[in-house]
Amino acid sequence: MQKEFVLSRGEGHFFFGFHDLVAWNFEGDKILALQAPDITVPPDPRVACGIGYFDAARQFHRLGDTYAYNYPQGARQQWIAETDNFIVNDRVEDKWGSRIYDADTGRCVSTLQLPAHVITDKGIAFGLDYARLFRVGGYGYTGLPDKQAHVHAPVDSGITIHNIYTGEQSLLLSVAAAANYRMDPSLGQHHYITHLLLNPSQNRLAFLHRYKLKDGGETTRLMTIGTDGDGLTCLATGFLSHFDWKDDNHIAIWGRTGSGIEKLRGSLLYRMMPAGLIANGKKVLKKLLYTRAKGAKAVAPFNWLLLEDTDNAVPAMLAKDIITEDGHPMFCPADRDWMICDTYPDEHGIRTLFLFRYSTQEKTTLGTYRMIDTKPDLQLADRLLEGVDEGVLKSFSLEQMAFTRSGLHCDLHPRWKRDGSQVAFDSIHEGSRLIYGYDVSSIIHVDKNVLV
């Protein structure tokens, strides 16, 4: 039976990060990776992570270091178009910026003052406020303060845009502009923007606008904007999680919209109620809204939704009754009928890697991978979580925060090779954090003559 194979060998632990980037270069003979000496604690601002690539012989070439990383999303390292140059986030003086490395010469060829979350083939990079993300409990970087911590919806924080060749830069969209679009920003606190993702044609950006609520919860809005700054759109509001573009005009996302809880949160009654009363009654409200009579099966309000890129999109179902839990999706660049995805750990700590074909609604399981039982080092973790907002720290135990921010929490985060022949994923099932590959060419039969 076909199974996974190790793509990373060497000292320490290796990982890539999120499920929304192609890790291989255009030629397919190099794969980017980060090298971490210790995965039992959250990132330490004094300890760098190695950045480099594995060649076709699976030898690691470490080209430099970065202090701008987290374990779920890495350092947003990504190849630039068809070149063997890649961009990676790093601390540049007293701010989060980025650097460009030439894999052929092994040298850093450029240092940039702004970070890159995604980048177009033409070298237009879009970044986020990673200091704010760290403070509010998102996927930020450790070590620099949020200069707008006192402002709930800042006008000078948000999505940045910069040309890596000319140096031209600006703020594409502020947090304030997102918060003021089709909603009253005073309904929430600590607004922020996260999870940028380009559509296949690279002319629209999808992102999540999130804000904290007085009941201790958080609301998410799935939004899009043109890469030129025009056409801001809010597709949906609710509990929304991981997503990918199905095509240029549709986004697949796990979540729930229009629930009873969301309607209550938008009501005048909710705005008038004391925060303490809301927080204490939230569990009761959820039970009343989402559970049937005693002995009956609980209503499952979550699904994989398919949303058109338009305001208040009417959701269709992507894989109803086929994929029934959250995961990390990525559609194949060579054939977007195919999606690779994973699951969160089940009660036995096992994650599942699988393929899904939209046209036939078929799901194919590739493998299962168990998390290890090692616990994070709590003595160090407490200091490494300094700067996270008090409200976030109160919502989670130190053990939970330390684990989810450490490298021990290892989602598979599967990602495609550009031609659709392989997928790569991070896993910890063999005791150390490694990057694995899986040959899927015999399953999806992508036409190798298709230009991608």
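On a predicted model such as this, the values are computed, not experimentally measured, just so you know.

**Observations concerning the overall build of the protein**
Within the protein, the secondary structure is distributed over 9 helices and 27 strands. Taking the contacts inside the protein whose residues are at least 6 apart along the sequence as the reference set, 54% of them involve residues at least 24 apart. Just so you have it, the protein exposes about 19500 Å², and 50% of that area is on carbon and sulfur atoms.

**A short note on empty space enclosed by the protein**
If you roll a probe as big as a water molecule over the atoms, it shows you where there is empty space left. Within the structure shown, the criterion is met by 4 cavities of 30 Å³ or more. The computed volume of the largest cavity comes to approximately 70 Å³. Forming the walls of the largest cavity are P42, P43, Y69, N70, F134, G138, Y139, G140, T142 and R405. Class assignment for the residues of the lining of the largest cavity results in 5 nonpolar, 4 polar and 1 charged.

**Some details on helix α8 (residues 398–405)**
For α8, the set of buried residues is M401, A402, F403 and R405. Here the buried face of α8 lies against α6 (378–384) and α7 (390–395).

**Some details on the sheet that holds strand β8 (residues 95–102)**
What the 4 strands build is an open sheet, ordered β6-β7-β8-β9; its pairing is antiparallel. Pairing within the sheet leaves two strands with one partner each, and these edge strands are β6 (78–79) and β9 (107–112). With 8 bridges connecting them, strand β7 (residues 85–92) and β8 associate as antiparallel partners. Along β8, the bridge assignment pairs D90 with G97.

**Considerations on the pairing of strand β14 (residues 189–198)**
When you tally the buried positions in β14, you get 9 out of 10 residues, the bulk of the element. Two strands pair when backbone bridges link them, and β14 and strand β15 (residues 204–212) are joined in this way by 6 bridges, in the antiparallel orientation. The residue of β15 that forms the bridge with T194 is L208. Between β14 and β15, which pair antiparallel in sequence order, lie 5 residues; one of them, Q202, sits at a positive phi of approximately 60 degrees.

**Section: the pattern of salt bridges**
The final tally for this structure, using the stated rule, is 20 salt bridges. A salt bridge links D84 to K30; the shortest N-O distance between them is 2.9 Å. With D84 in the loop between β6 and β7 and K30 in the loop between β2 (13–15) and β3 (31–36), this residue pair connects regions lying 54 residues apart in the sequence. The residues D84 and K30 share a single accessibility class, namely buried. Across the salt bridge formed by D426 and R433, the nearest N and O atoms sit 3.8 Å from each other. Just as D426 is buried, R433 falls in that class too. Several salt bridges converge on common partners, so that one network encompasses R132, R135, D146 and D389.

**Quick look at the packing of aromatic side chains**
Under the defined criterion, the tally for this structure stands at 15 aromatic pairs. With centroids separated by 6.0 Å and ring planes inclined at 85 degrees, the aromatic side chains of Y69 and Y71 adopt a geometry described as edge-to-face. Note on Y71: relative accessible area 1%, which makes it buried. Ring geometry for F239 against F302: centres 5.2 Å apart, planes inclined by 75 degrees, an arrangement best described as edge-to-face. With F239 in strand β17 (residues 233–247) and F302 in the loop between α5 (275–290) and β19 (303–308), the pair connects residues that are 63 residues apart, well separated along the chain. Its relative accessible area of 27% is what places F302 among the partly exposed residues. Among the aromatic residues, those joined into a ring-pair cluster are F239, W254, F302 and W304. Against the face of Y67 rests R91, its NZ or CZ located 4.5 Å from the ring centre. Sitting above the plane of the F354 ring, K363 keeps its charged end 4.5 Å from the centroid.

The rules behind the values
- Residues numbered from 1 in each chain as written.
- Predicted model: local features only at pLDDT ≥ 70, side-chain atom pairs only at ≥ 80, totals over all residues.
- Heavy atoms only, no water.
- Helix = DSSP H or I, 4+ residues; strand = E, 2+ residues; numbered from the N terminus.
- Contact = heavy atoms within 4.5 Å.
- Areas by Shrake-Rupley, 256 points an atom, 1.4 Å probe, with all protein chains shown as cover.
- 1 Å grid on protein atoms, 1.4 Å probe; cavity = no way out; pocket = protein on both sides within 12 Å on 5 of 7 lines; lining within 4 Å.
- Points joined across faces, edges and corners; volume = space filled by probe spheres on them.
- Nonpolar A, V, L, I, M, F, W, Y, C, P; charged D, E, K, R; others polar.
- Buried < 20%, exposed > 50% of the residue type's maximum accessible area, 1.4 Å probe, protein only.
- Pairing = 2+ DSSP bridges.
- Salt bridge = Lys/Arg side-chain N within 4 Å of Asp/Glu carboxyl O.
- Phe/Tyr/Trp six-rings, centres within 6.5 Å; stacked < 30°, edge-to-face > 60°.
- Lys NZ or Arg CZ within 6 Å of the ring centre and 35° of its normal.

Purely geometric stuff here, so don't read any function into it on its own.
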